[in-house]
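Chains, contacts and geometry: an overview
Chain by chain, the residues run as shown.
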Amino acid sequence: MKNIQLNNGLHMPQLGLGVWQSDNGQETINAIHWALEAGYRHVDTAKIYKNEEAVGKALKTASVPREDVWLTTKVWNDDIRAGRTIQATEESLKRLDTDYVDLMLLHWPVDGYETAWRELESLLVDGKVRAIGVSNFMPEHLNDILEHGEIVPAVNQIEYHPYLVQADAISLCDEHKIAITAWSPLMQGNFKDEPLFAKIGEAHGKTAAQVVLRWCLQNDIIVIPKSTNQGRIQQNADLFDFELTEEEMVAIDELERGKRFGPDPRNFDF
Ligand SMILES: NC(=O)c1ccc[n+]([C@@H]2O[C@H](COP(=O)([O-])OP(=O)(O)OC[C@H]3O[C@@H](n4cnc5c(N)ncnc54)[C@H](OP(=O)(O)O)[C@@H]3O)[C@@H](O)[C@H]2O)c1
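Conventions used here
- Residues numbered from 1 in each chain as written.
- Predicted model: local features only at pLDDT ≥ 70, side-chain atom pairs only at ≥ 80, totals over all residues.
- Heavy atoms only, no water.
- Near = heavy atom within 4 Å.
- Polar contact = N/O pair within 3.5 Å; in protein donor to acceptor, adjacent residues only side chain to side chain.
- Areas by Shrake-Rupley, 256 points an atom, 1.4 Å probe, with all protein chains shown as cover.
- Helix = DSSP H or I, 4+ residues; strand = E, 2+ residues; numbered from the N terminus.
- Nonpolar A, V, L, I, M, F, W, Y, C, P; charged D, E, K, R; others polar.
- Phe/Tyr/Trp six-rings, centres within 6.5 Å; stacked < 30°, edge-to-face > 60°.
- Buried < 20%, exposed > 50% of the residue type's maximum accessible area, 1.4 Å probe, protein only.
- Lys NZ or Arg CZ within 6 Å of the ring centre and 35° of its normal.

What follows covers the site of the ligand. Looking at the ligand, there are 29 residues lining it, with Asp 44, Ser 184, Leu 186, Ser 227 and Arg 232 nearest. One nitrogen or oxygen atom from the side chain of Asn 136 is found 2.9 Å from an oxygen atom belonging to the ligand. Within the contact set of the ligand, an oxygen atom lies 2.6 Å away from a side-chain nitrogen or oxygen of Arg 232. Surface burial for the ligand is 88%, taken as the share of its 910 Å² of free accessible area covered by protein chains. Considering each element in turn, the shell around the ligand owes the most residues, 3 residues, to helix 10 (residues 230-237). Its residues assigned to classes, the shell around the ligand comprises 12 nonpolar, 12 polar and 5 charged.

Below, the structure written as structure tokens:
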């Protein structure tokens, strides 16, 4: 399993398990245990996924110590708007049954995100979060944080897959050494409609999903594919024994079409 070095010096595992749309019970506990057995050391949740208790239980009962697992959660939009980022973080810690999270993100760039960023900075000093970052921040939002904040975000978590690379956000992040985490790296399952991935996979004895995830890894992107199926959780971790060629990388790059499967950070209403 590979790590990415963040701009604060911490090492973040490049593969994590996403748990959006997993339940707040046994389904999520099993998924996390299977993931840890398969070698994952990183779990991505959020207050709004309503499964932080299950994530906490899974980590408490896992065979891998808590300090060996990178745990990310996110401050929800209502809390950002209400100026309650600190309280929301404390509530997340309680639900997760842990003293700290490795990474706390502002989930979306809603009104109040500059103040929320200052609150996140104070949590960093308190040691309740080891790293702070943002999610769905486009260059105009990032520039606000870079201008008014003291700490540069460690991570920006954005929708990223072969149909959507958001080059403007990525190039600003590269400039400030802000790591990118890809959400919906498997295009929410829609990778199956693109024949090129399976075709490239045949040459390597790999599945279409593994090709898409490997393309992300070779672009130095952190990936958090979601699955609750043991076989697919294992499959999504089996990415480190093959390499896509330059030609294969370019062929996948050429699929870019600005197509989103999730909401647009410049036009959303929640
Ligand atoms: N920051 C944000 O605003 C934001 C937004 C969206 C998502 N996220 C994060 O990103 C994570 C991943 O994104 P996502 O859940 O939207 O979608 P995704 O990971 O792109 O795709 C998940 C879908 O693909 C299926 N799948 C997974 N592995 C597969 C495989 N090897 N072969 C075939 N199908 C496979 C899953 O079904 P099964 O479960 O049945 O395998 C599920 O339906 C989320 O869980 C969440 O942690 C963040």
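So, next bit.
Right, let's talk about the packing of aromatic side chains for a bit. For the structure on display, the rule yields 8 aromatic pairs. Arranged with centres 5.3 Å apart and planes meeting at 20 degrees, the rings of Tyr 160 and Trp 215 form a pair that is stacked. Of the two residues, Tyr 160 is situated in the loop between strand 8 (155-159) and helix 7 (167-175) and Trp 215 in helix 9 (residues 208-218); the sequence distance between them amounts to 55 residues. A single burial state applies to Tyr 160 and to Trp 215, both of which are buried. Clustering of aromatic rings is evident, with ring pairs tying together Trp 76, Trp 108, Trp 183, Phe 268 and Phe 270. Across from the ring centre of Phe 242, 5.8 Å away, lies the NZ or CZ of Arg 214, which sits over that ring.

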